[in-house]
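Structure at a glance
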Amino acid sequence: MVRRVCVVGAGVVGLSSAVCIQEKVPGVQVTVLSEKFSPHTTSDGAAGFWEPHILNDTPQELIRRWGDETWDHLKTLYLSPVACDAGVILLSGYHLHKQPQQDPDWASTVFGFRHLTKQDLQQFPGFSSGWFSTHLLCEGRKYLPWLMTKFKKAGGKVQQGKVTSLTELADRYNVVVNCCGIGAGELVGDSTVQPVRGQVYRVHAPWIKCFFDAEYDGHDFYIFPCSNNVVLGGTAQKGNWNLSPHPTDSKAIWEGCCQLVPSLRKCKVDHEWVGLRPSRPKVRLERESVGKGSSSLEVVHNYGHGGAGITLHWGCAQQAARLVQEALSLQQLKPKL
Amino acid sequence: MKVSVIGGGIVGMTSALHIMEQCSSAHGQLELTVISEKFCPDNTSYGAGGLWKPPSQEHMSEAELKRLQGSFDFLTSVLRTSYAHEAGIFLQPGYIVHMDPIPDPAWKDIVVGFRHVTPWELTNLFPGYKQGWFYTAFICQPRDFLPWAKKRLTQRGVSFVQRKVNSLEELAPHYDIVVNCSGVGATKLASDEAVSASRGQVMRVKAPWLRYFVETDGKNPVIDGIPYMYPNLHNVVIGGIKQTGNSRITNDPRDTDTIWKGILALNSQMKGAEVVEEWTGFRPMRDGGIRLERETLTGTSTGRPLEVVHNYGHGEAGVTWSHGCAKEVADIVKTIMAERRPKSRL
């Protein structure tokens, strides 16, 4: 008997969960149901830089586990012929600070992590310390279509639509995986989900071959060269739902980035974009039984990844697949009435 | 003082820039002319990838290290300006990998963040190679830098003449000082038998996702040729051809094949990358290294000695050496101008 699994949400968390479930859980038919698909999801606008970020109180051992699993996955993709299609890039660059900071937990995961020397810092007046490291970047704009192709090839189904409550899916599916990101708050009544608004420019500046990330005085200005354009950011405004670029933010980002790399003043702006990072005190990745009787449903929640959706996605997707397997096994023991 | 620079490639143009910078306000008026048989896009520099990368020697003289430091410092100073990319200059991290382990290079403290490659990088990115270095260098793309330099020089009153110079002596009636940056042409111009041409062939391909350069050294049994790839502004330069004794000026399909085989073995993601341009050029090699020195030519048609400053033989590292050598050339020119300054009569 075919068991049916529905993944709600088609961002990086949803699509990767769907693919992992197909790969790891035997005998299931997976459907991805979402209001939005690439290129209209939050993941599409993100640069996709691997670095744990805006994860609040998520336990460090989980960040490490999920982050390292994702890093390994990206490494494998990078070495394979599909790297280009999947949007995976290896790149190096600078983290800049105005005061010395403790080495980050991910220092031993990335390649060649080192402290900046006086010589490095000569290039960045105003900054007195920092790091240089080699990271992987996985562009949502390319990765999501690549995942979707993989998903469909393995027999996955896709449906467009908005879900107002999970139990409405109870009659059609055995398990529902909630990957709604910023929408999860409304869907399951979780008031701890808050947006952390991020605004960016996408510009043409092909002479930028490294990344730059400067954190100081509550600002985080960053420059990430993706495959076809360069991301200039950013903002991290808690509780701000505004999806339109704001001129004050545009100006601050522009000035902040041009101070880091003056030649950016001459670049050509392609467009501006705003995304709402789905922030939560901790990532929610757990099983829940909802509803009663004929509308009872096994749910696997996988949302609230803050600014680390791409950084943690594969590790979380693997865990979500394991939880789906658990949920299905449980269901076999107590069949629906 | 009438000064001419022979050669409009990276060595000649940087020499002109630094002469104007250091000498134009000192010791009287300076009139500078750049004379070249070929300018961009018809010269050797046009096709070069522009990577800052000196020869991998463990030991270098103080003078050589000073030149390298001079080049690196100049590029660093341009990097912070708003026009860096117009001059084709940008930061570029990357790898040099070797078949046989060699000691760290003499210049490792001049570049930024020199380190050895991690075991993962060596095993997965460069299978077959035994050792690798990683550092942040510059790319200074001649095909952007040279037009930018020409504009700047023209603004400062420098003239450009396109013609072939057949002998240094023929310039004696017209110039006080000649700076000889003739590259491969120095064989004839300076009667220098140590100069030879090393043929190179490259392609420019679309691979905008490549964020690091790779230079390989030594013959890897599983890879054809000695491949290399450098990101440039709009394309990636791929190559791997270094031939002595071959004067073929057109692209050779057999070399194209060798380059592709080497590059694909090095990085399979390059498969299917669109080729935008193919180009052949000749690196100006010199046995014994760069010739950078003053020579006073007597017995000229005017009876006056002609002061020559030689600056040629930069091999495959013209971009790397150019600014540091140019500074040294400018110092020599300044000295000559001081010597020639008319002494006031009592």
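Going by an unreviewed UniProt entry, chain B carries the name D-amino-acid oxidase-like isoform X2 and comes from Branchiostoma floridae. Looking at the Sequence similarities (unreviewed entry) heading of the UniProt record, one finds this comment for chain B: "Belongs to the DAMOX/DASOX family." For chain B, the Cofactor (unreviewed entry) comment in UniProt is given as "FAD".

Going by the annotation in an unreviewed UniProt entry, the name recorded for chain A is D-aspartate oxidase, with Branchiostoma floridae given as the source organism. For chain A, the Sequence similarities (unreviewed entry) comment in UniProt is given as "Belongs to the DAMOX/DASOX family." Per UniProt, the comment on chain A under Subcellular location (unreviewed entry) is "Peroxisome matrix".

1. So, the UniProt feature "binding site: D-dopa" (unreviewed entry) in chain A
Residues and elements named next belong to chain A. Mapped onto the present numbering, the UniProt feature "binding site: D-dopa" (unreviewed entry) falls on Tyr222, Arg277 and Gly307. Note that Tyr222 resides in strand S10 (residues 219-225). Leaving out residues up to four positions away in the same chain, Tyr222 has contacts with Val200, Phe212, Asp213, Val231, Leu232, Gly233, Gly234, Cys257 and Arg277. Inspection of the secondary structure assignment puts Arg277 in strand S13 (residues 268-279). Once you skip the residues sitting within four places of it in the chain, Arg277 turns out to touch Ile54, Ile182, Gln194, Pro195, Val196, Arg197, Gly198, Tyr222, Thr235, Ala236, Gly306 and Gly307.

2. With respect to the sheet that holds strand S15 (residues 306-312) of chain B
Residues and elements named next belong to chain B. Within the open sheet, the six strands sit side by side as S6-S2-S1-S7-S15-S14. Their pairing is mixed. Each end of this open sheet is capped by a strand with a single partner; those strands are strand S6 (159-162) and strand S14 (291-297). Direction aside, neighbouring strands of the sheet carry axes that sit 20° apart on average. Bridge count between strand S7 (residues 177-180) and S15: four bridges; the pairing is parallel. Each bridged residue has a counterpart across the sheet, and for Asn180 the counterpart in S15 is His310. Against the sheet, helix H1 (residues 10-23) contacts strand S1 (2-6), strand S2 (31-36), S6, S7 and S15, and its axis sits at roughly 180° relative to S2.

3. Observations concerning empty space enclosed by the protein
All told, the structure shown has two cavities of 30 Å³ or more when counted by the stated rule. As a volume, the largest cavity reaches approximately 150 Å³. Lining of the largest cavity is provided by 15 residues; of these, Ile208(A), Phe212(A), Val261(A), Leu79(B) and Leu91(B) occupy positions nearest its centre. Within the lining of the largest cavity, the residues separate by chemical class into 11 nonpolar, two polar and two charged. Considering only residue class, the lining of the second largest cavity consists of four nonpolar, one polar and three charged.

4. Focus: the pattern of salt bridges
All names here are of chain A. Taken as a whole and judged by the stated rule, the model has 33 salt bridges over all chains. For Arg64, the salt bridge is made with Asp105, and the minimal N-O distance between the two is 2.8 Å. Remark: Asp105 occurs in the loop between strand S3 (88-97) and strand S4 (111-115) and Arg64 occurs in helix H3 (residues 60-79); sequence separation between them is 41 residues. Salt-bridge contacts for Glu286 lead to Arg284; the nearest nitrogen and oxygen are separated by 2.7 Å. By relative accessible area, Arg284 is classed as buried at 13%. Among the ionic contacts, a cluster of salt bridges with common partners joins Arg284, Glu286 and Glu288.

What counts and what doesn't
Residues numbered from 1 in each chain as written. Chains lettered and ligands numbered in written order. Predicted model: local features only at pLDDT ≥ 70, side-chain atom pairs only at ≥ 80, totals over all residues. Heavy atoms only, no water. UniProt positions renumbered as here; feature names shortened; annotations may be inferred. Helix = DSSP H or I, 4+ residues; strand = E, 2+ residues; numbered from the N terminus. Contact = heavy atoms within 4.5 Å. Pairing = 2+ DSSP bridges. Axes fitted to C-alpha atoms, helices over the stretch in contact; angles between N-to-C directions. 1 Å grid on protein atoms, 1.4 Å probe; cavity = no way out; pocket = protein on both sides within 12 Å on 5 of 7 lines; lining within 4 Å. Points joined across faces, edges and corners; volume = space filled by probe spheres on them. Nonpolar A, V, L, I, M, F, W, Y, C, P; charged D, E, K, R; others polar. Salt bridge = Lys/Arg side-chain N within 4 Å of Asp/Glu carboxyl O. Buried < 20%, exposed > 50% of the residue type's maximum accessible area, 1.4 Å probe, protein only.

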